[in-house]
Amino acid sequence: MPNDLFNSFMTGPDENGRFGDFGGRFVSETLMPLILSLEEEYDRAKDDPSFWAQMDDLWEHYVGRPSPLYFAEGLTKHLGGAKIYLKRDELNHTGAHKINNVLGQILLARRMGKTRIIAETGAGQHGVATATVCAKFGLKCVVYMGAHDVERQAPNVFRMRLLGAEVIPVTSGRGTLKDAMNDALRDWVTNVRDTFYCIGTVAGPHPYPAMVRDFQAIIGKEAKAQIMKAEGRLPDTIIAAIGGGSNAMGLFFPFLDDKDVQIIGVEAGGKGVNQKMEHCASLTGGRPGVLHGNRTYLLQDDDGQILEGFSISAGLDYPGIGPEHAWLHEIGRAQYVSITDVEALEAFQLSCQTEGIIPALEPSHALAHVMKIAPELPADHIIIMNMCGRGDKDIFTVARHLGFDMSGPEGRSVE
Amino acid sequence: MTRIDDTFARLRAEGKKAFVAYVMAGDPDEATALEIIKGLPGAGVDIIEMGLPFTDPMADGPTIQLAGQRALDGGMTLEKTLATARAFRETDQTTPIVLMGYYNPIYSRGVDRFLEDAKAAGIDGLIVVDLPPEEDSELCIPAQAAGMNFIRLATPTTDDARLPKVLQNTSGFVYYVSITGITGAAEAQATDVAPEVARIKSATDLPVIVGFGIKTPEAAQSIAGVADGAVVGSAIVKLVEEGKPVPEILAYVASLADGAHRA
Ligand SMILES: Cc1ncc(COP(=O)(O)O)c(C=O)c1O
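What you are looking at is a predicted structure, and each value in this text was computed from that prediction instead of being measured.

Of regular secondary structure, chain A possesses 16 helices and 14 strands. Radius of gyration (C-alpha) of chain A: 20 Å, near the 22 Å computed for a compact globule of 415 residues. Taken over 415 residues, chain A has a buried fraction of 61%.

Below you can see the structure in the form of structure tokens.
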């Protein structure tokens, strides 16, 4: 199709940071000048080959990219339908996709002369990635983490402290990712002159959603080249789990204009989307609103008060979703579904048993949806699922849910 | 001319600085908050800043966060916040009310419906923390068209290049945020504030009121002395948090007002 007739999905956001009606810059005046200068710096870096050369070098030698695209033969056989490939971002240094983006933001922070880095974290993976890169570059690092998450992701808290970061437990609200982001924003407003806020997902004020997407898009770029090499054609379906939506946007973005590729985002359904708000499915169970600098779909009550989500997965426990996903949902380019805690736990175990891969609870949600659709699809239907994180951090949570006593001498199951 | 414009005209004529008091609607409960608000003009408050409770007040420190939480826990809503304004207006036709909060509850109600209801409830101006000039088309422009003041925050990071943009669609007064930070945090210093206020005043004829980090009558006096007035919020809300009786809260407000009016 000639370019000028082709209505691309890859041109957003506009100059106001909007994807359709979503996105924008809903922040206090104190932060506005900094956000504008970040946008300027990012625009400069984006067109600077030396910036990307540095990224490529770090991605290759520090992170271990490209991550493999792996034909999951065991899963494929077990499910008995579509051919399933896993994009192995769980093999990255620090164990998740988060570091792809952190490297980009920390290089920008260095370009801007910022000496103190703050971050919010849910599962702790973004916090660990930020603490890691800060350790490497000798930057001061402060991580805000909901008190509830500090408890359920204890190994990551220790990891961050080992890496020299200060971890601040956040007790406001229900003590999860949303509250951590509030306190990170409060820190930023207070220390705006020397501090860079390294946001861990495709949310926040413009330019964050676009910038984080661009850094994560390495996932989709690699996957596209890898599937062409393996199969000589594009996949039929690509699937990723969504907290804020960064691993999903990273996989999806390079495929947006490949109109035959079906795109599916999987939200955290918690105890079930029908049970009032015991889930984190912003698109399936929320409506548009403004929070944390952008307009997007949010879990909220009739009065516009934000609701706390609920999910077994700390990394998906967020009442919003990146604005580009809200837009892709509204225009119908991507489809969004939800998966419950119980279904995710089942997928978690299936991955261990059939592939020898212990997945994080977040991509377990994506896998649970693969389990639903793959058996119904023909053998020549190719699915790529983003295995965006490994499950080491989650074994305590999973053990508890499966009734396994890790403190006992033989780790016997408990009744 | 709004009640805000009238108030500054009166203060100018009297040669006085403005004292602005912030209280959270519905804190500690709807009835007590109304009682406090009704008592503010008598305590010397020139302009009432009424907080609209929100679950995620990103620019507020713990004191105002907890106030919003108390109000929400008690069932406070935007509708009830407007009802508080209406009830106040039954007893006071002249003291301006500025509604201060975050955009989502307003957006959720629908901007047009909100503006109509807020105006009918006797609200004179809006301060919406998460709406910078870049988002003026959302609420600022419609509010001005509806005859309501939209009061913008200027901050220490608002440099000369940006100042005109911040002032462009502002009306009523300019609210200078004296610190980079959240409400109730660091203490504002008159020596830091004075040149900043002068800088803003050289670019606008609007009154410049200073807030954030003013906690005592002495501070209210010194800050009001270098501006057109001072705002106190967290220090008042703290007394509500401590469960102080309304007369005691109003007596403290009166001491703050006296401080600002001495300037
Ligand atoms: C492994 C993993 N996957 C997914 C997420 C969710 O974030 P996003 O939707 O931005 O990829 C997290 C967040 O902590 C994570 O650790």
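All names here are of chain A. Spatially, the four strands line up as an open sheet ordered 7-6-5-8, and their pairing is parallel. Each having just a single partner strand, strand 7 (166–170) and strand 8 (195–197) make up the two edges of the open sheet. Taken over all neighbouring pairs, the strand axes of this sheet differ in orientation by 25° on average, direction set aside. The strands touched by helix 8 (residues 177–190) are strand 5 (116–121), strand 6 (140–146), strand 7 and strand 8; relative to strand 5, the strand with the most contacts, the crossing angle is about 160°.

Attention shifts here to the pairing of strand 10 (residues 262–270) of chain A. Residues and elements named next belong to chain A. Within strand 10, eight of the nine residues are buried, leaving the element largely enclosed by the surrounding structure. Looking at chain direction, strand 9 (residues 237–242) and strand 10 are connected through six bridges and run parallel. If you follow A241 over to strand 10, its bridge partner there is V266. For the crossover from strand 9 across helix 11 (residues 246–252) to strand 10, the handedness is right-handed. For strand 10 and strand 13 (residues 335–340), the ladder comprises six bridges, and the chain directions are parallel. Paired with G265 across the strands is Y336, a residue of strand 13.

With 100% of its residues at a pLDDT of 70 or more, chain B shows a mean pLDDT of 96. Both confidence scores are given for the complex: pTM 0.96, ipTM 0.96.

This next bit is on the nonpolar core. Residues F252(A), A21(B), Y176(B), I209(B), I223(B), A227(B) and A230(B) are the most contacted members of the largest nonpolar core, which totals 222 residues. Here this core spans two domains, and each of domain 1 (16–61 + 98–211) and domain 2 (66–95 + 217–401) of chain A adds at least three residues to it.

Reading guide: rules and limits
Residues numbered from 1 in each chain as written. Chains lettered and ligands numbered in written order. Predicted model: local features only at pLDDT ≥ 70, side-chain atom pairs only at ≥ 80, totals over all residues. Helix = DSSP H or I, 4+ residues; strand = E, 2+ residues; numbered from the N terminus. Rg over C-alpha atoms; globule rule 2.2 N^0.38 Å. Buried ≥ 20, exposed ≤ 12 C-beta atoms within 10 Å, placed from the backbone. Pairing = 2+ DSSP bridges. Axes fitted to C-alpha atoms, helices over the stretch in contact; angles between N-to-C directions. Contact = placed C-beta atoms within 7 Å. Right-handed = clockwise from strand over helix to strand, strands pointing away. pLDDT = per-residue confidence, 0-100. Core = buried A, V, L, I, M, F, W, Y, C linked by C-beta atoms within 7 Å. Domains from an automatic or database assignment.

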